[in-house]
Amino acid sequence: MKRSAVLAALVFSVSARLHRLGRDAPSAFSKPVSSAVDYVDPYIGNGGDSPNGSGGMIPSTAPPFAMTRWTAQTRQNYVSVTPYNYTDTSIHGFQGTHQPAIWMGESGQAIIAPGAGQVQPVFEKRGMSFKHEDEIATASYYSVLLDAIEGGQIHAEQSATSRVGHLRFTFKDTEAPYVLVEATRASVMGSDDPSNVTYSLGEVTIDPARREISGRNPERQDFIIGPSPAPSFAGYFVARFDVPFESYGTAQNGTLSENATSGEGALLSAFARFAKATPQVDVRIGVSFISVEQARKNLDTEIPDGTTLEKTAEKTRAAWAEKLDRIKVEGATDEENEIFYTAVFHTLQYPYEQSEDGKYYSGYDDTVHEGESYTGYSIWDTFRAEWAWQILLAPERIPGMVQSMLQDYTEGGWLPMWKNIVETNIMVGTHADSLIAEAVVKGIRDFDLQTAFEAVLKDATVPPDNDWTTSYYDREENVGYEVRAGLSSVYASHGWVASDIHSEAASRTLDYAYDDYAASVLAAAVSEDDWATKFRDRAFSAPFTIFNTDTGFMEARNADGSWAGQDAGWTEGDMWAYTFDVVHDVPALIQRRGGNASFVKFLDEHFDGGHNDHTNEPSHHIPYFYSLAGAASKSQERIREITKINYNNSVNGLSGNEDCGQMSAWYIFSALGFYPVDPVSAEYVIGTPFFDKITIDLPAAKQPLTITSFGAPKKPYIKSVSVNGKKLATPVLTHADIASGGHIEFEMSETPQAWASSTLVSARDEL
């Protein structure tokens, strides 16, 4: 998901590594022992010369799916800017961020800034220089040596649990040490004009007896978009220190108020000074979306008094090791291991926990509810492969995530599209339909199945408000829920979304068709046969209402049926990418393009003509289409090429935005040797495995999944594939082949092979 900016080039530079990783961390922060966790490089995907040329990742510390991720703050973050950028040379504090992707806004962040000497509350004045050689970044521990403004140095260390940050500052040859806690700042609205700011009104309270600074920060940068105002939203915090305050006060708009114990308003901070001889200060900061009291409870529960930073880091490292150690890779170089395990690290960050202590704040109805909740759903991106990977590696999370979406529906009226605290109307399509249907067909039903169908049925049958008059263009303000814009105007009656009424009409048409396919599968699962038939028919007919037989490409149409032009109506892609976007009925698409041989030639034109843009998700499945047209060896070539161009172990190691794990999920599945081209089908198209052997201890399987492909690093082609000793004739694996564990054996070759040249049946014949 890279909105409102130009696409980045496919080829990107590799920067020399200056920072240090997990294997360089002190032994006290390397427990439990895990080579997999040591391979994680949190800097991968942070570089790039533009927002779209960056992976949008940050070197953060937190456990999987954590509510709050803690990172060094090198710049003020907003839509298109992350709080840490590798090119910066000063650190201004440490931020507990809730920004789930570079193109989304921050919400209720907490910021801690150490210092020595004169208290510096202003961001631009409090930055301290550092060198990457003095940084250590791991999944569970971060360390950096800062040059204090008035002389001396501050050694800053950081770890975190889901809702509590843990920081330790060691002062060396400095003036009087202090720690600043920032409650509110100037909030940048959007990415086009950094001078367009608003000022949130927050609160701080200082309690010297408890050694606490608490408060609230109501900043939510995405409030200007989306239909749900979340009027009472705030990020609450309680920072507790292990040494007494020598003095304290508040700061507002750069002016200090000594001895003040409370404050409210904009540009607000609080600070505590410590005795000059204080060598070290430990601070834990609990965060909540419910209240200060809940933030304090989170602190006491997750990192109680007396817990050392080492113990916090060990707990978080163990959480990562529990997942990453399930995967054993053989035949990979150190660079490849870093790419692979960092990819797994990226795929287990979002969506993130919005609930705490069995409760959650819902911005849809501005109420605290009982239950489990998640936010940070980049569904247009993640429905393609990220969700399928989480179903395999984190199946215990899926019921709660689905139930969370159903709660969004109950409280707000619709399933989420791109939820960042509340719905933002970002991207197109109602792909929560796909997530739910995929979970069901893969055997996960531990949620309210009837409500799930009710919600998906509404997506597929109820249009948004003012459907004939509202464009619902990207980040349009002051509109209702976007959902399936165009559903009533033309799509339901004629099969396409009208380009002269709605933005991104061609992409919407194809996305709605896939969502109809998902709805038909879910309807069949709950014995709603009439609806299953209706949605199935629409799913298979709609895509080809915009197939222009004169050009051989998909093309947007206007309400009167006229063609809108080849450049009109696309979402982060063009006619090349979207002509291949009929993943649920590839045989019909192949037939439209003249059969297998003609389709393979068309694929060649797509790749050789430079049209494949892996930085954006609509291209992710396309190299696998060769396999479905009887040319599997060409899939194998293209997948290796894409991997080499778009992934490496540098800060520039992702050619496009990570998008909450989708870029990395593509790499992981491709490395395994298969990819969920049509995720709701519960099938995976075979590509080319990268390594000699991968063993995965899947949480829901009774036996490990072992994938052997000896010689794969130098042999990209497949001669044969067997599943538990049975040879495959077609390049397709079922979910049962994978999720139950067992042995998938690839026989590799240095030269192209004729394996898997048969034609596949259409999904329409299998429903």
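Reading the values: rules and limits
Residues numbered from 1 in each chain as written. Predicted model: local features only at pLDDT ≥ 70, side-chain atom pairs only at ≥ 80, totals over all residues. Heavy atoms only, no water. Salt bridge = Lys/Arg side-chain N within 4 Å of Asp/Glu carboxyl O. Helix = DSSP H or I, 4+ residues; strand = E, 2+ residues; numbered from the N terminus. Buried < 20%, exposed > 50% of the residue type's maximum accessible area, 1.4 Å probe, protein only. Pairing = 2+ DSSP bridges. Phe/Tyr/Trp six-rings, centres within 6.5 Å; stacked < 30°, edge-to-face > 60°. Lys NZ or Arg CZ within 6 Å of the ring centre and 35° of its normal. Polar contact = N/O pair within 3.5 Å; in protein donor to acceptor, adjacent residues only side chain to side chain. Contact = heavy atoms within 4.5 Å. Domains from an automatic or database assignment. Buried area = accessible area lost by both parts, 1.4 Å probe. Axes fitted to C-alpha atoms, helices over the stretch in contact; angles between N-to-C directions. UniProt positions renumbered as here; feature names shortened; annotations may be inferred. Expected span 1.5 Å × (residues − 1). Parallel < 35°, antiparallel > 145°, perpendicular 65-115°, else oblique. Left-handed = near helix turned anticlockwise from the far one by under 90°. Nonpolar A, V, L, I, M, F, W, Y, C, P; charged D, E, K, R; others polar.

1. What to know about the pattern of salt bridges
In total, this model carries 35 salt bridges according to the counting rule given. Lys719 serves as the salt-bridge partner of Glu747, at 3.9 Å between the closest nitrogen and oxygen. Of this pair, Glu747 sits in strand E39 (residues 742–749) while Lys719 sits in strand E36 (residues 717–723); the two residues are 28 residues apart in sequence, bridging distant segments of the chain. Owing to a relative accessible area of 44%, Lys719 belongs among the partly exposed residues under this scheme. Counted as one network, the salt bridges with shared partners bring together Arg210, Glu212, Arg240, Arg284, Arg296, Asp300 and Asp305.

2. Observations regarding the sheet that holds strand E23 (residues 355–356)
As summarised here, the arrangement of the 3 strands in space is E23-E24-E25, forming an open sheet in which the pairing is antiparallel. Two strands close off the open sheet at either side, each with one partner strand: E23 and strand E25 (367–370). Bridging between strand E24 (residues 359–362) and E25 involves 4 bridges; their strand directions are antiparallel. Among the inter-strand pairings, Tyr361 is bridged to a residue of E25, identified as Val368.

3. Looking at the packing of aromatic side chains
The final tally for this structure, using the stated rule, is 40 aromatic pairs. Between Trp389 and Phe669 the ring centres are 5.9 Å apart and the planes differ by 80 degrees, which places this aromatic pair in the edge-to-face class. With Trp389 in helix H7 (residues 386–393) and Phe669 in helix H18 (residues 662–672), this pair connects stretches of sequence that are 280 residues apart. Here Trp389 falls in the buried class, since its relative accessible area comes to 1%. Measuring from centroid to centroid gives 5.7 Å for Tyr667 and Phe690, while their planes differ by 65 degrees, and the two rings are edge-to-face. Placement of the pair is Tyr667 in helix H18 and Phe690 in the loop between strand E33 (683–686) and strand E34 (693–696), with a sequence separation of 23 residues. For Tyr667, a relative accessible area of 3% gives the class buried. Feature note: the residues Tyr39, Phe340, Tyr341, Tyr647, Trp666, Tyr667, Phe690 and Phe691 constitute an aromatic cluster, connected by ring pairs. Positioned over the ring face of Trp563 is Arg557, at 4.8 Å from the centre of the ring. Arg593 extends its terminal NZ or CZ atom over the ring of Phe553, reaching a point 5.9 Å from the ring centre.

4. A few points about the side chain of Arg69
Note on placement: Arg69 falls in strand E1 (residues 69–73). Within polar-contact distance, the side chain of Arg69 engages the side chain of Gln349 at 3.4 Å. Sequence-distant contacts of Arg69, defined by excluding residues within four places in its chain, comprise Ser60, Thr61, Ala62, Pro63, Gln95, Gly96, Thr97, Trp320, Phe345, Gln349 and Tyr350.

5. Observations regarding the domain arrangement of the chain
Taken domain by domain, the chain consists of domain 1 (35–325) and domain 2 (327–350 + 359–749). Opposite the 52 residues of domain 1 that make contact, domain 2 presents 55 residues. Between domain 1 and domain 2, a total of about 4500 Å² is buried, with carbon and sulfur atoms accounting for 61% of that surface. A per-residue breakdown of the area domain 1 buries against domain 2 is headed by Tyr39, Phe65 and Lys323, which together make up 19% of the total. Taken together, the connections running from domain 1 to domain 2 amount to 1 salt bridge. On the surface where domain 1 and domain 2 come into contact, there are 24 residue pairs in polar contact (both at pLDDT 80 or more). Take the side of domain 1 that touches domain 2: its biggest share by element is 3 residues, from helix H4 (residues 309–324).

6. Considering the sheet that holds strand E4 (residues 110–116)
With antiparallel pairing, 7 strands are arranged side by side in an open sheet as E1-E3-E4-E10-E19-E16-E17. Pairing within the sheet leaves two strands with one partner each, and these edge strands are E1 and strand E17 (255–258). This sheet shows a mean twist of 25 degrees between the axes of neighbouring strands, independent of strand direction. Of the pairings in the sheet, the one linking E4 to strand E10 (residues 177–182) comprises 6 bridges and is antiparallel in character. The residue bridging Ile112 from the neighbouring strand is Val181, located in E10.

7. Section: the side chain of His155
Relative to the helices and strands, His155 is located in strand E8 (residues 153–160). Only 2.7 Å separates the side chain of His155 from the side chain of Ser143, close enough to count as a polar contact. Excluding anything up to four places from it in sequence, His155 contacts Tyr141, Ser143, Val144, Leu145, Arg168, Phe169, Thr170 and Lys172.

8. Observations regarding the UniProt feature "domain: Glycosyl hydrolase family" (unreviewed entry) in the chain
Residues annotated by UniProt as "domain: Glycosyl hydrolase family" (unreviewed entry) correspond here to residues 294–749. End-to-end, the C-alpha atoms of residues 294–749 are 59 Å apart, and along that stretch the chain is 41% helix and 14% strand.

9. Considering helix H16 (residues 596–608)
Spanning 13 residues, H16 covers 18 Å between terminal C-alpha atoms, matching the ideal 18 Å at 1.5 Å per step. Among the residues making up H16, those that are buried are Phe599, Val600, Phe602, Leu603, Asp604, His606 and Phe607. If you follow the buried residues of H16, they end up packed against strand E31 (553–554), helix H14 (575–579), helix H15 (586–592) and helix H17 (632–646). The positive-phi residue at the C-terminal boundary of H16 is Gly610, with phi of around 75 degrees.

10. A short note on unusual backbone geometry
Put simply, Lys31 and Pro32 share a cis peptide bond, and its omega is -5 degrees. With respect to the element layout, Pro32 can be found in the segment before helix H1 (35–38). In this model, Tyr350 is joined to Pro351 through a cis peptide bond whose omega is 0 degrees. Mapped onto the secondary structure, Pro351 falls in the loop between helix H5 (334–347) and strand E22 (352–353).

11. Comments concerning the pairing of E4
The element E4 is largely enclosed, with a buried count of 7 among its 7 residues. In this sheet, E4 lies alongside strand E3 (residues 93–97) in antiparallel orientation, the contact comprising 3 bridges. Bridging across to E4, Gln95 finds its partner in Ile111.

12. Details of the packing of helix H9 (residues 432–441) against helix H12 (residues 505–525)
At a minimum axis separation of 8 Å, H9 and H12 run at an interaxial angle of 40 degrees. Overall, the two elements H9 and H12 adopt an arrangement that is oblique. Along this stretch, H9 crosses H12, giving a crossing that reads as left-handed. In contact with Asp433, Ser434, Ile436, Ala437, Val440 and Val441 of H9, H12 contributes Tyr514, Asp515, Ala518, Val521, Leu522 and Ala525. Class assignment of the residues belonging to the contact of H9 with H12 gives a composition of 9 nonpolar, 1 polar and 2 charged.

13. Digging into the pairing of E39
One ladder, built from 4 bridges, connects strand E35 (residues 705–708) with E39; its direction is parallel. Residue pairing for E39: Leu705 is matched across the bridge by Gly742. By the bridge criterion, 6 bridges tie E36 to E39 in an arrangement that is antiparallel. Its bridge partner being in E39, Ser720 is matched across the sheet by Glu747.

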